[in-house]
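Read off the chains here:
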Amino acid sequence: MKVKVFDCDCESDLEESVNDFIASKEVIDIKYQVAIATCGEEQLYCFSAMIIYISKD
């Protein structure tokens, strides 16, 4: 069993990265998280996912 972590600035980038990665993997679970912070007037988002999978190697 292995783990892969993705961290992206927008959800569409995360979605694309995760879908590309899991296409050829046997996925056990995916954990998803969003973090939001403010810097002055600006809001910053961090979209992340941890994929637990079985390596076929």
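It should be emphasised that the depicted structure is a prediction, and the values quoted were computed from it without experimental measurement.

J.: Help me understand the packing of aromatic side chains, please; the structure alone is not making it clear to me.
T.: Each aromatic ring pair is specified by the distance between its two centres and by the angle formed by the two planes. Summed over all chains, the structure comprises 3 aromatic pairs. Ring centres of F21 and Y53 lie 5.1 Å apart, and the angle between their planes is 85°; this geometry places the pair in the edge-to-face category. Placement of F21 in helix α1 (residues 11-22) and of Y53 in strand β3 (residues 42-54) is noted, with a sequence separation of 32 residues between them. When sorted by exposure, F21 lands in the same class as Y53, which is buried. One aromatic cluster in this structure is built from F6, F21 and Y53. Against the face of F6 rests K4, its NZ or CZ located 5.6 Å from the ring centre. Positioned above the aromatic ring of F21 is the side chain of K25, whose terminal nitrogen or guanidinium carbon lies 4.5 Å from the ring centre.

J.: Looking at this structure, how should I read the sheet that holds strand β2 (residues 26-39)?
T.: Pairing between the strands of a sheet is mediated by backbone hydrogen bonds and can be parallel or antiparallel. If you walk across this open sheet you meet the 3 strands as β1-β3-β2, and the pairing is antiparallel. If you trace the sheet from one side to the other, it starts and ends with β1 (2-8) and β2, each paired once. Direction aside, neighbouring strands of the sheet carry axes that sit 15° apart on average. Pairing between β1 and β3: 7 bridges, direction antiparallel. Opposite F6, over in β3, you have A49 as the bridge partner.

Each value, and the rule that gives it
- Residues numbered from 1 in each chain as written.
- Predicted model: local features only at pLDDT ≥ 70, side-chain atom pairs only at ≥ 80, totals over all residues.
- Heavy atoms only, no water.
- Phe/Tyr/Trp six-rings, centres within 6.5 Å; stacked < 30°, edge-to-face > 60°.
- Helix = DSSP H or I, 4+ residues; strand = E, 2+ residues; numbered from the N terminus.
- Buried < 20%, exposed > 50% of the residue type's maximum accessible area, 1.4 Å probe, protein only.
- Lys NZ or Arg CZ within 6 Å of the ring centre and 35° of its normal.
- Pairing = 2+ DSSP bridges.
- Axes fitted to C-alpha atoms, helices over the stretch in contact; angles between N-to-C directions.

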